[in-house]
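So you can see what is in the structure, the chains are spelled out below.
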Amino acid sequence: MASNPAKKTCILHLGEKSTEEVKSFTDETWTKVLSCQKERLNLFANSKFFAIKLPGKYDDSIGYHLQCYSNFTAIPKNRKETVSEKTASRVTRSETTFSSNASTSIFPRVCLFCDSATKSLGKNRGKEQLGSCEVMSAADNIKEAATVLNDYRILSKIADLDLIAKEVKYHHSCKNKYMKQAQRQQQQPKEQSSRIKSHEMAFRELERHINDKLVQTPGAEALKSLHQKYIQYLGDEQSNYSAQCLQAKILDSFPMLKIAKDSNKQGSVVHNQVLSHDEAIGIAFFDGHKIKETALYLRSLILEAMNSQMSLPNPLSPEVLATGQDETPPQLLEFLTVLLCGVKGNLTEKKERHVQSVADDIMFITTRGRTKPGKQLCLGLAIKSLTGSRRVVEILNRLGHSVSYHLVEEYETELATVIQDKGQLLPDGLIQAPGLCTAVAFDNYDELCETLSGAGTLHDTVGICYQNISDQNETTVKDGGTSNTHQDTTRPACSRRSFTYQERNLEPYRKKPKMGQFAYDVTSVPRPQELTLLEYRDCLWMMCMESHPTPLWTGWNSLITVDVLPQQRVLYLENITLPPTRNDVVLETMKIAQEIAEECGEDYMLVHYDLAIARPALQIQAAEAPRFDNLFIAFGPFHISLAFFGALGYLIDSSGGPEVLTESGVLASGSLNGFLSGKHYNRCKRLHPMLATALQILHFRFFLSVHGSIPEDLLHEIFRENKTPDTMNALEANATYLSFMHKYSEFTEVTLSGGHGATSRFWMIYVKLVQLHLMFLRACKTNNLSLFVFILGQMRYLFFACNRPNYARWMVRYFLNLANVDKTHPGLRNILENGALTVNRTGMPFSRTAADLTLEQSLNADAASRHTGITSFMTSTSARRRWLITRSARSAIIGSILQKTGLKSPDEGMKDLKDHRIRKDNEDMTKVLDTISTHMNPFQTESDDNLYCLSTGKSVPNDIKADLLHCQELGKRWCQEFEDGCRHDPARFEKAIPRRKVKNFTSVAVKASVKSNKKVVELQGTRDLFGRLLYLSSKYNLDLNRVFSFPLTPVPLSLAHIDGSLNKTDKSKLLHKLENEMDSTYPGSPVDVTLVDGMFLLHTLQNLPVTLGEVASLVLQILCSMSERVDMICDAYKNPSIKDLEHSRRSADETAYSITGPGQHRPKEWQKALKSPAFKTQFLKFLAQEWASHADPNTLAGHHVYLAVDNVCHHYTVQQGSVIHEEAADLACTHEEADTRIVFHLSRLTNEKPTVAVRCSDTDVFVLLLYHISRMPDKPLVWMDVGLSSNNTRRYINISQLVAHIHREVLEALPAFHAYTGSDYSASFMNKGKIRPFDLMRKKQQFVSAFACLGRSDKVDDNTMMQIEKFTCCMYSMPKLSKVNDVRLALFEQKYALCKAKTQPLSKIKGVNPSDMPPCHSSLVNKVRRANYIAYLWKNAPARNPSDLDPNEHGWLLKDNQYVIHWYDGEQLPQSITNILSKEDTGALTDDTDEEFFSYSSDESDDESDDDDGD
């Protein structure tokens, strides 16, 4: 039937109106409704649906809601059965089935109201009989009552019926009850309305209260209290409204409230959900009076403790200040513990520290400073020492955390006075007993007031004493009366703030001592027996780093090492306020060491110095013999490590290894100089092993590729993650393990002997040198004397090889002294082996440190911040002397504060074992491995006699290669010559050592000559030349703004390496970024044409046959397997070419090569041969001839193969079973690069919208395809087939889809952007990469437009140049500047300027890294010209002759028939610097001089650490 929703009504509807659509009845639904109505009349005594009257038939005016229909027809099956049974049991003989709307039936003889025939009147009262409706008024009353009660059941029975005629029956009691109910219903609305209104008003008042007290300010209140308020608001004390009803109503109105029940049965609490259960109970039931009582009680305890406290004992000491006057009442601590942790809270170390800190503040503030806890005393002294700021101390004092600044100065003065009056040299706490391996160490401390000239600086001499902690009862303690015994309580008031210094009288020493004889019985030491197993352990660690997340070397070894030696205590000696290199000061330190030996009953005393102090100490010992013969002068291992790191840095400088670290991001470019010079101990200690291990991992993979995998039975044990000393010992007893490690060691020896090429040999030498230092570090961390002496003997050779004359000379003496210790100091070996060699402060395994490093990490690190020192009171002699004399005391105080606050640095091994450190270290290792892979893996399967730079790929001359590959042999020979000379003439020892050193990669740095009116100065472009020139500029107050407008270096180091080779970046990151913007899958349609980069294909060939003819057949088979048409497109090697520098970078071998025929054997080193343009040219010509003469027709049948070689394109096909060879004239062109020639071939395809696959992995080709396809009117479907199957990277990129996705203007800008930021032709910006510059360009329309303009013509307009210069400024994070010269100056001032380091200006200039700055404007202009030339060439790729521009006019110069980069126009240096150079000794800019300025610091300590504790 047709539906008319506007007039249709639902006849099944009961209740409120509905907006649901009314549907029309069908025969089926109508029959269902009639059937359900009959069932309801039969089954139910009453039903709300009885009020529904159904017509005899349906029409368009009636219908149903789906919900109403569902309700009406829903009669459960079980209901049908049970109800029918009950109904059947009640039916009497006179009753019949009826219908409510029947016109002839009478009502059954049951009560209209209760549906029962009889009704009991109660016990012994019988039953009530039915009555009849006999009068009209009774019938009307019944109908009226049913209407009032809205009783559908009754209304469905009697509606529109004559009750008298139908003989309706009912019990009179039922009727009376029914009528009363209706009467009450009529009266109820008036009363109920009034009551409802009262409740609404009461609840609104309660809502305001709840909103203020519980919601706006999260709070809690007892439900009983809220109920009482509600009843009061209601005004009805007799109301029976329950608290449970109110609770439900509150929760319904305020969903953010919750109910908490008190365990003590005090009732429920309504509270804001932000409060916990305990907090809510406490707020609701805690009595404010109890708070006051508790506060007063605690106050009384505090004041009582104050009245009974003792004064600070005399004499004052760091221990007294650390203890303070704090006797905190235990009740206060208990109160704070419950307050901070709760009743059942866990009192962690951190919370315990907080409890004590708050308690100290309460004690100090409550007593108005009369009680001075240790925190308030030490914190003020520590902050003053660390910052030198009075304002900071006063802020802490105002907040109650510290005593006042005046008291700080008074206590500091008293400490100085006590130390001065005590007049003893021995440290407090020294155990005066023999056998504790007592030793001392002295060092210099610079008080940070350096000047440009280096004169007028302040230094003092500091020292520590350390000894084993004995398990025996230590009774003899040298405490100097400073222990906190509270014996002297009559303490005078501290009032002195100025300090009267008494000059220390040192024994003068005016001699000029010299070393004596050079006679030693023992000149060499045997190799330790355990060394081989220890070397295997280092290899095992490398394998673990390769396989799974592993701690760094120190952390890993701490898991498998047991230290049986006792822990040691470190004591501070009184500092001497004079430089330690003075002979009288050195003599004083030697006397102190002798006095300590005498007090402790030791025959000998070990004294650690750095080289600058040890040298005069040895001279004095020799000159004054036998006075100091009981002293053994030791050189600090920490300073030896620094010198060794400097030598390592010299060997690998500009080799590509350091560049790998900076490019991977594990070393900041600004820290590169410090890393190479060995200044940054922690960075060197972390990054040298990381780089060496990454290289060794690549070497180990090479080993596995040759000798197979690790034996199966070793895999579990080798790669066990939870190694212990026991599992390590068990593994080292495994014969299979030892055999496998021996096999790898033999393979390593082959590499070291040159069997795998010169580059592999050099980097394995570096790996071995790093492992040599790790072994030296292991000797220190395990106190292994024999290993220490042997490794020291090996390390000294590198000092000779790398021109470290001081360490070369004195390490010879130190090694021989150690080797002969049994003769010169009988019994000292036992002291050294039992703990005196190094220091163990923590008691943890593998945690021992060198004595001089311990001094740096404790006394020097704790004394003061190196950023302030004593510069804040340089004008006060008294303050300066007080500062110097209290150095040891301040160190102890700061140490106690750091200990209390948990800021004491954990042991190095423990730091390495933290999860975040393991994760970080392994991520960095992966970055280094990936970066090496993107440049050059030195451990390739094919050996090569050239030594290549990893970052540039350029080989070094043979003389440099010979020096680097034989550096150890040269160092050993020079060392032996020196020792032999000293034995022949002892005076030779202190004579100058010839300044000779091995040449390194920097020896090929570009040199430039600068001219002045008087002379010509030749400058070599070493890494530090930039800083040296700036030093001269600063020294002579030149205008730096003008200085930075000149290049300063022969090549801009932001674009090139020091040897002039171009800086390169990972171009593929741009490809990956754009590729990931769309999902690409394998092309569904068949590929019509495949364009193949020929050189890429030849490089991917594996398992090559023996002869060149067979190789040609293999190549043809591969091509024909790709598609019906295949174009193999190759580079043309022209001369001169703008790729001359690139060919040089790839170390092209220019040796002539001839191919005589197909039977000639292919080169054994195929990859090496492909680096030679001569071989590639000959092989491609051979391919063209071989396919024309000997191509297999069966292979070629059905295919068209094109071979593009030089300016010709060869076409091969099969006709009538014969190979047809012809030249494709339409594909002849003058393109040099296969990159552009691929586009040329693509533009010449005649098919209508063919499907093309480009087999290549070059980002240059990717960029060219995006640009040119976007400009084609009939765009073909182009895919790029990239990657290799061998490493699971082969995939397809839908170029056509990317073209549609990327904005057209960005595609227009892409070629020039790629050329500007780095391609095969052009240099990249150091450490800038591709991704960030691309995002930067994409965000700014003016940058997109500027790059889109490049390459459109042979000229660069001024606006384009301005915008690209602005873009370059933004690349260097200077968006507010628009000139690169201004950016250079701004970056220098930001990082290195003198105004930033007024107290130590030279240290800033030392670190200048020119690669962090953009090139000057002159260099940038030429770079933009080159980018424009390249973009012009690329954009004209579809042309037969893509470019007629002259490179000489676009940033290149033709020299010796080769194009070289023309870096800048104009002069390299301003004339002012040139004149200075002509006046000064030009040697000041060479590597051999200016050592004072550029020498490494011996004061590096752990405050230079990059380590993050992750706290």
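This report concerns the structure included in the present document. (Residues numbered from 1 in each chain as written. Predicted model: local features only at pLDDT ≥ 70, side-chain atom pairs only at ≥ 80, totals over all residues. Heavy atoms only, no water.)

### Comments concerning the environment of Q181
Summarising the element assignment, Q181 is placed in helix α6 (residues 172–216). Using a relative accessible area of 38% as the deciding quantity, one classes Q181 as partly exposed. Expressed as a C-alpha distance, the spacing of Q181 and A145, which sit 36 residues apart in the sequence, is 8.2 Å. (Helix = DSSP H or I, 4+ residues; strand = E, 2+ residues; numbered from the N terminus. Buried < 20%, exposed > 50% of the residue type's maximum accessible area, 1.4 Å probe, protein only.)

### Some thoughts on the pattern of salt bridges
A full pass over the atoms with the stated rule returns 42 salt bridges. Residues R627 and E507 are paired through a salt bridge, measuring 3.2 Å at the closest nitrogen-oxygen approach. With a gap of 120 residues between them, R627 in the loop between α20 (611–623) and β17 (631–635) and E507 in the loop between β14 (477–478) and α17 (531–547) connect regions that are remote in the sequence. Take E507: its relative accessible area is 30%, and that puts it in the partly exposed class. R829 is paired through a salt bridge with D822; the nearest N and O atoms lie 3.0 Å apart. The exposure class assigned to R829 is partly exposed, which follows from its relative accessible area of 26%. Members of the salt-bridge network, linked through shared partners, are R686, D912, R917, K920, D921, D924 and K927. (Salt bridge = Lys/Arg side-chain N within 4 Å of Asp/Glu carboxyl O.)

### A few points about the sheet that holds strand β2 (residues 23–24)
The sheet built from three strands is open, its strands ordered β1-β3-β2 with mixed pairing. Each edge of the open sheet carries a strand with a single partner, namely β1 (9–10) and β2. Here two bridges tie β2 to strand β3 (residues 62–64), and the two strands are oriented antiparallel to one another. Of the residues in β3, the one forming a bridge with K23 is Y64. (Pairing = 2+ DSSP bridges.)

### Quick look at the pairing of strand β26 (residues 1218–1223)
Where strand β25 (residues 1208–1215) meets β26, six bridges bridge the pair, whose relative direction is antiparallel. For T1213, the partnering residue across the bridge sits in β26 and is I1220. Adjacent in sequence and paired antiparallel, β25 and β26 are bridged by two residues, among which Q1216 carries a positive phi angle near 55 degrees.

### Concerning unusual backbone geometry
P626 follows A625 through a cis peptide bond whose omega is 10 degrees. By secondary structure assignment, the location of P626 is in the loop between α20 and β17. For N783, which is not a glycine, the phi torsion comes out positive at approximately 55 degrees. The phi dihedral of N803 falls on the positive side, at around 60 degrees, and the residue is not glycine. Along the chain, the position of N803 falls in the loop between α29 (785–801) and α30 (805–819). Using a relative accessible area of 12% as the deciding quantity, one classes N803 as buried.

### Examining helix α7 (residues 223–234)
Here α7 spans 16 Å end to end across twelve residues, near enough to the 16 Å set by a 1.5 Å rise per residue. Turning to α7, its buried residues number three or more, namely L223, L226, H227, Y230, I231 and L234. The buried residues of α7 occupy an angular sector of 140 degrees when the element is viewed end-on, so they sit on one face. A positive phi of about 80 degrees marks G235, the residue just after α7. (Expected span 1.5 Å × (residues − 1). Arc of directions from axis to C-beta.)

### A closer look at empty space enclosed by the protein
If a probe the size of a water molecule is rolled over the atoms, the empty space left behind becomes visible. The tally for this structure, following the rule as stated, stands at seven cavities of 30 Å³ or more. Forming the walls of the second largest cavity are 13 residues, and the residues nearest its centre are P1047, T1049, P1052, L1053 and R1384. In the lining of the second largest cavity, the residues fall into nine nonpolar, three polar and one charged. (1 Å grid on protein atoms, 1.4 Å probe; cavity = no way out; pocket = protein on both sides within 12 Å on 5 of 7 lines; lining within 4 Å. Points joined across faces, edges and corners; volume = space filled by probe spheres on them. Nonpolar A, V, L, I, M, F, W, Y, C, P; charged D, E, K, R; others polar.)

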